[in-house]
Amino acid sequence: MLKKTKHFLRAHGVDYEKEHVNPLIVPEKVYVLKFGKKGEKLNNRFIVDHTYTWTGRIRINKIILRLHGQHHPREFNSETELLLYLKKHAKSFANANA
């Protein structure tokens, strides 16, 4: 999941770690991808709400980008919208040495 986003983060020298969270109350599954500059805390995160179709494919309902210290997170409907935003704002979170 978020294969293109992970490639983008690696290309810009950004560390990340991923985890799945399965809430008990709602049918959606939650995938969290924490990221940050190399050598620093992973304060930023992507939160992906997804479900599975009857054929077993993953359907992304929404992607939430929550940067460190941000009060109002950004929401995206697809990974392509997220990548467009990341390409515009890559300097703010990418490692300058990469």
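The structure we're discussing is the one just above.
Since this is a predicted model, take the numbers as computed values, not measurements.

Here is what the cut-offs are and how they apply
Residues numbered from 1 in each chain as written. Predicted model: local features only at pLDDT ≥ 70, side-chain atom pairs only at ≥ 80, totals over all residues. Heavy atoms only, no water. Buried < 20%, exposed > 50% of the residue type's maximum accessible area, 1.4 Å probe, protein only. Helix = DSSP H or I, 4+ residues; strand = E, 2+ residues; numbered from the N terminus. Arc of directions from axis to C-beta. Axes fitted to C-alpha atoms, helices over the stretch in contact; angles between N-to-C directions. Parallel < 35°, antiparallel > 145°, perpendicular 65-115°, else oblique. Left-handed = near helix turned anticlockwise from the far one by under 90°. Contact = heavy atoms within 4.5 Å. Nonpolar A, V, L, I, M, F, W, Y, C, P; charged D, E, K, R; others polar. Pairing = 2+ DSSP bridges. Core = buried A, V, L, I, M, F, W, Y, C linked by side-chain atoms within 4.5 Å.

## Some words on helix α1 (residues 3-11)
Note that an α-helix has 3.6 residues per turn; residues three or four places apart therefore point the same way. Those residues of α1 that fall on the buried side of the exposure criterion are Thr5, Lys6, Phe8 and Leu9. Angular distribution of buried residues about the axis of α1 spans 160°; they occupy a single face of the element. Facing away from the buried side of α1 by more than 90 degrees, the exposed set consists of Lys3, Lys4 and Ala11. Backbone geometry just downstream of α1 places Gly13 in the positive-phi region, at approximately 70°.

## Some thoughts on the packing of α1 against helix α2 (residues 79-88)
The N-to-C vectors of α1 and α2 enclose an angle of 15°; their axes lie 9 Å apart at closest approach. The orientation of α1 with respect to α2, classified from their angle, is roughly parallel. Read as a crossing pair, α1 and α2 show a hand that is right-handed. Residue-level contacts link Lys3, Lys4, Thr5 and Phe8 of α1 to Glu79, Leu82, Leu83, Leu86 and Lys87 of α2. Classifying every residue of the contact of α1 with α2 by side-chain character gives four nonpolar, one polar and four charged.

## Observations concerning the pairing of strand β4 (residues 58-66)
Direction of pairing for strand β3 (residues 44-52) relative to β4: antiparallel, over a ladder of eight bridges. When the bridges of β4 are listed, His50 appears paired with Ile60. The turn joining β3 and β4, which pair antiparallel and follow one another in sequence, is formed by five residues; a positive phi near 95° is taken by Gly56. Summarising the sheet, β4 and strand β5 (residues 74-76) pair through three bridges and their orientation is antiparallel. Counterpart to Ile64 in the pairing with β5 is Glu75.

## Considering the nonpolar core
Counting 17 residues, the largest nonpolar core has Leu2, Phe46 and Leu86 as its most contacted members. Those elements giving two or more residues to this core turn out to be α1, β2 (29-37), β3, β4 and α2. Of all the elements, α2 adds the most residues to this core, at four residues. Excluding anything up to four places from it in sequence, Leu2 contacts Tyr31, Leu33, Phe46, Val48, Ile63 and Glu79.

## Here we look at the side chain of Thr5
Relative to the helices and strands, Thr5 is located in helix α1. The contacts of Thr5, once residues within four sequence positions are left out, are Phe46, Glu79, Leu82, Leu83 and Leu86.

## Considerations on α2
Listed as buried for α2 are Glu79, Leu82, Leu83, Tyr85 and Leu86. For α2, the arc enclosing every buried residue in end-on projection is 160°, short of the 170-degree limit, so these residues lie on one face. For α2, the exposed residues lying more than 90 degrees away from the buried face are Leu84, Lys87 and Lys88.

Shape descriptors only; they carry no functional weight alone.
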